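Now for the letters of each chain:
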Amino acid sequence: MENSPSGQTPPPRRVLVVGATGFLGAKIVANLLRDPTVAVRAMSRKGAPADAAPGAEWVRGDMMDPASLDHALEGVDVVVSSANGYMKESIEIDFAGNRNLVEAAAQAKVQRFVFLSIVACEHAADVPHFHAKKVAEDLIMAAGVPYVFVRAPAFLDQSADYIANAVKGGKFYAVGDKSTRWSYVLTDDLAANLATAAAWPGDEITGQTIDIGWRDGPQSQQEIADTIGDLLGKQLKIWTVPWAVFSVLVRPIRLISELGYDLMRMFLFFRRGAFVSDIALQERFFGPAPSSRDALSRWIKANGLL
């Protein structure tokens, strides 16, 4: 760490991680804890989890409770948020909760707001959780909070990894068709990118909207399955749910599941071929993007598929 003009080492910047107990949020915390230039504060509605890594200060906070956000943000320099509600409880957290967080961050005069957004969200108003990200981006800019938007593509891995489970049985489950390409990311890489954005020492990253993706570009599901099969030394049988199924069911499923509706709208957006990352800024700020083969190799190892 460089010394300040007075010759004294400046204190670490305090970074608040919102969504710290989530699948991705926990990885962001782990990355930040390895950085000596930051002091990590992790926010959770229930406090520190039983398996919390040592080194972080845990604070209780709820995005639907503005007073708790004011407390969590006291003395904070940087906010990094990967929180979402649509996969867990309600899409309202993605709208009202983000609005509360933006207002609290503006009131606290944070120096940087690193917000996890989604690639091409401005073109997907009919996908509720994509639209929520664009609304939040607009709120952050309108509030005048210095920001970095890190826009993620499709997650290769999930907390419950249905792709890995299928591969174990020699199968690959595809959505729509085998040929349409869209961009992907491994959550380990995305967490590292978000932590880097939060800890970035200069101001040149401020105001940037950074897409995340792979060096060799978007991939079709056939290409993903072929690479996995090549790395494992076996051929995977691809099972495809055709686009027609999503087109027919997208409206009636809304009567029984908002989440199901949201996901079907997302898959139909993928069909347009617009879910593609421009990785120029990723490589400028975060270094060379991984290739699909590199990411898939690490995913295979993490899931014990070899």
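Just above, that's the structure.
Residues numbered from 1 in each chain as written. Predicted model: local features only at pLDDT ≥ 70, side-chain atom pairs only at ≥ 80, totals over all residues. Heavy atoms only, no water.

### So, the overall build of the protein
Per the secondary structure count, the protein includes 11 helices and 13 strands. Seen through its C-alpha atoms, the protein measures out along the principal axes to roughly 65 × 45 × 40 Å. Burial analysis of the protein (306 residues in total) assigns 52% to the buried set. Considering only contacts within the protein whose residues lie at least 6 apart along the sequence, 76% involve residues at least 24 apart. In the form shown here, the protein has an accessible surface area of approximately 14100 Å², with 53% of it arising from carbon and sulfur atoms. (Helix = DSSP H or I, 4+ residues; strand = E, 2+ residues; numbered from the N terminus. Buried < 20%, exposed > 50% of the residue type's maximum accessible area, 1.4 Å probe, protein only. Contact = heavy atoms within 4.5 Å. Areas by Shrake-Rupley, 256 points an atom, 1.4 Å probe, with all protein chains shown as cover.)

### Observations concerning the pairing of strand E1 (residues 13-18)
Most of E1 is tucked away, with five of its six residues classed as buried. Here E1 pairs with strand E2 (residues 38-44) via six bridges, running parallel. Bridged to Val15 within E2 is Val40. Read as a crossover between parallel neighbours, the route from E1 over helix H1 (residues 23-33) to E2 is right-handed. By the bridge criterion, four bridges tie E1 to strand E4 (residues 78-81) in an arrangement that is parallel. Within E4, the residue paired with Val17 across the bridge is Val80. (Pairing = 2+ DSSP bridges. Right-handed = clockwise from strand over helix to strand, strands pointing away.)

### Describing unusual backbone geometry
A positive phi angle is found at Lys109, which is not glycine, with a value near 55°. With relative accessibility at 67%, the residue Lys109 sits in the exposed group. Residues other than glycine seldom take positive phi values, yet Ala120 does so here, at roughly 60°. Take Ala120: it is sitting in the loop between strand E5 (112-118) and helix H4 (128-143). A residue is classified by how much of its surface remains accessible, and Ala120, at 8% relative accessible area, is buried.

### Topic: the packing of aromatic side chains
In this description, an aromatic ring pair is defined by two values, namely the gap between the centres and the angle between the planes. This model, assessed by the stated rule, comprises 15 aromatic pairs. Consider the rings of Phe267 and Phe270, whose centres lie 6.0 Å apart with planes at 70°: the pair is edge-to-face. One end of the pair, Phe267, and the other, Phe270, are both in helix H9 (residues 258-270), three residues apart, so they sit about a helical turn from each other. A network of ring pairs unites the aromatic residues Phe130, Trp182, Tyr184, Trp214, Trp243, Phe246, Phe267, Phe269, Phe270 and Phe275 as a single cluster. One Lys or Arg, Arg254, reaches over the ring of Tyr261 and ends 4.2 Å from the middle of that ring. (Phe/Tyr/Trp six-rings, centres within 6.5 Å; stacked < 30°, edge-to-face > 60°. Lys NZ or Arg CZ within 6 Å of the ring centre and 35° of its normal.)

### Quick look at the sheet that holds E1
The strand order across the open sheet formed by seven strands is E3-E2-E1-E4-E5-E6-E11, and the pairing between neighbours is parallel. The open sheet terminates on both sides in strands that have one partner only, identified here as strand E3 (57-60) and strand E11 (208-211). Taken over all neighbouring pairs, the strand axes of this sheet differ in orientation by 20° on average, direction set aside. Lying on the sheet, helix H6 (residues 187-199) is in contact with E1, E2, E4, E5 and strand E6 (147-152); it crosses E5 at an angle near 155°. (Axes fitted to C-alpha atoms, helices over the stretch in contact; angles between N-to-C directions.)

### Structural notes on the side chain of Ser183
Along the chain, Ser183 turns up in the loop between strand E9 (181-182) and strand E10 (184-185). For Ser183, a relative accessible area of 3% corresponds to the buried category. A polar side-chain atom of Ser183 sits 2.9 Å from the main-chain amide nitrogen of Ser277. Not counting residues within four places of it along the chain, the set of residues in contact with Ser183 comprises Pro153, Ala154, Pro218, Phe275, Val276 and Ser277. (Polar contact = N/O pair within 3.5 Å; in protein donor to acceptor, adjacent residues only side chain to side chain.)

### Some points on H4
The end-to-end C-alpha separation of H4 is 22 Å, in line with the 22 Å expected for 16 residues at 1.5 Å each. Buried residues along H4 sit against helix H3 (92-108), E5, E6 and H9. Downstream of H4 by one or two residues, Gly144 has phi in the positive range, about 75°. (Expected span 1.5 Å × (residues − 1).)

### Considerations on a nonpolar patch on the surface
On the surface, a nonpolar cluster with roughly 300 Å² of combined accessible area is contributed by Val241, Val245, Val248 and Leu249. Looking at the nonpolar patch element by element, the count peaks at three residues for helix H8 (residues 243-249). Within the secondary structure layout, Val241 lies in strand E13 (residues 237-242). Look at Val241 and you get partly exposed, because its relative accessible area is 37%. (Patch = residues over 30% accessible without salt bridge, like charges linked within 9 Å, V, L, I, M, F, W, Y side chains within 5 Å. Salt bridge = Lys/Arg side-chain N within 4 Å of Asp/Glu carboxyl O.)

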